[in-house]
Amino acid sequence: WRVRSEWPLPELLPWSGDDRSPDIWIRTGHVPDELDGTVRKHPLVQVNERGWLRFTVRNVATYLVRDGNEVIVDSPHPPETADVALFLLGSVLGFLCHQRGLLPLHASCVAFDGKVFALAGPSGAGKSTLAALLLAQGARLLSDDVTVIDSRAEGGPLVLPTFPRQKMWRDTLDTLGITPGRYLRRTVHLEKFDRQVADRFEPAPMRLDGVCQIHLQMRESGLRVEPLDGLSAVRMLYENVYRRTAAGLLGRSDQVFENCAVLGGQLAHHALVLPNGLDVLARQGGELGRLMARLR
């Protein structure tokens, strides 16, 4: 997407494509407390009959997402406040995808050994950690935390890269020996930092070859994979749809399920079983690379 934003987004790469009009406009302005014609609500989200979505993050900003191509940001904070962009490039990105008919998975995505795999799992599962271990072995990053998939692209499912950054906790950075970047939360105390990986980022869309669901097991001492087929694969994909509740409020649940069913029949799906311990996982980074290289 070509993005034009009044709110600073240093995480994004400069546009180098054609001179078409922006696909996404991000503006600053006032967002009302209540949308006209509101028909569905969640504690943080409102959706009206036109499919506009209002999203609020306490003490950070309120966002209005319209028609899959426009975002209004209403925040009392100065532009250097990283929290505002953090939610723009997270939850708001997911809302835009649902409005545009794309499938956002809660996953990191890497190109490794000639294959492209999404590493899916809930917050804290280790998506960014696994991607960082693979980047150290030559992988290239397509996305961190939110993997955007065009499930109906000609030629097969296509991953649309996001931006060359990982979000990582301080203990993960310390364990992996990575220098922290910009602090990502100013309005609350969370030890989460940005890690720039422009030299290991793949900016071109790529065909997706498979999805791995991360499973942390206390009693595991090593890494292993188990194939997932049929309904298990579709269920895994559906459970990892990013901002799935908002998709329901937008009336997109059927489309989301259909996209998951399409992917379930086209791709390889695996459960990636890992030891539940950062130190143990870091020591087995080399084995992770060999394991991923064998997946087909």
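Here is what the cut-offs are and how they apply
Residues numbered from 1 in each chain as written. Predicted model: local features only at pLDDT ≥ 70, side-chain atom pairs only at ≥ 80, totals over all residues. Heavy atoms only, no water. Axes fitted to C-alpha atoms, helices over the stretch in contact; angles between N-to-C directions. Helix = DSSP H or I, 4+ residues; strand = E, 2+ residues; numbered from the N terminus. Parallel < 35°, antiparallel > 145°, perpendicular 65-115°, else oblique. Left-handed = near helix turned anticlockwise from the far one by under 90°. Contact = heavy atoms within 4.5 Å. Nonpolar A, V, L, I, M, F, W, Y, C, P; charged D, E, K, R; others polar. Pairing = 2+ DSSP bridges. Buried < 20%, exposed > 50% of the residue type's maximum accessible area, 1.4 Å probe, protein only. Core = buried A, V, L, I, M, F, W, Y, C linked by side-chain atoms within 4.5 Å.

1. Some points on the packing of helix 4 (residues 230-239) against helix 6 (residues 253-266)
In step 1: Taken N-terminus to C-terminus, the directions of helix 4 and helix 6 make an angle of 135°; their axes are 9 Å apart at the nearest point. Comparing their axes, helix 6 and helix 4 come out oblique. Considering only the axes of helix 4 and helix 6, their crossing is right-handed. Residues Val-234, Leu-237 and Tyr-238 of helix 4 form the contact with helix 6, whose own contacting residues are Val-256, Phe-257, Cys-260, Ala-261, Leu-263 and Gly-264.
In step 2: A per-class count over the contact of helix 4 with helix 6 returns eight nonpolar, one polar and no charged.

2. Some details on the pairing of strand 2 (residues 24-28)
In step 1: Sheet topology places strand 1 (residues 3-5) next to strand 2; three bridges connect them, and they run parallel. Within strand 2, the residue paired with Arg-4 across the bridge is Trp-25.
In step 2: The pairing of strand 2 with strand 7 (residues 70-74) spans four bridges and is parallel. In the strand pairing of strand 7, Trp-25 is matched with Glu-70.

3. Notes on unusual backbone geometry
In step 1: Residues other than glycine seldom take positive phi values, yet Asn-59 does so here, at roughly 65°.
In step 2: Along the polypeptide, Asn-59 turns up in the loop between strand 5 (53-57) and strand 6 (61-66).
In step 3: For Asn-59, a relative accessible area of 54% corresponds to the exposed category.
In step 4: Even without being a glycine, Arg-243 presents a positive backbone phi close to 55°.
In step 5: As for its position among the elements, Arg-243 is in the loop between helix 4 and helix 5 (244-249).

4. Re the nonpolar core
In step 1: Within the largest apolar cluster, 27 residues are counted, with the highest numbers of intra-cluster contacts made by Leu-53, Phe-55, Tyr-63, Val-71, Val-73, Leu-88 and Val-92.
In step 2: Mapped by element, the contributors of at least two residues to this core are strand 2, strand 4 (45-48), strand 5, strand 6, strand 7, helix 1 (82-99) and helix 5.
In step 3: Counting residues per element, this core draws most heavily on helix 1, which supplies eight residues.
In step 4: Non-local contacts of Leu-53, meaning those with residues more than four positions away in its chain, are made with Leu-35, Val-45, Gln-46, Val-47, Tyr-63, Leu-64, Val-65, Phe-95, Gln-99, Ala-246 and Leu-250.

Structural measurements only, silent on function.
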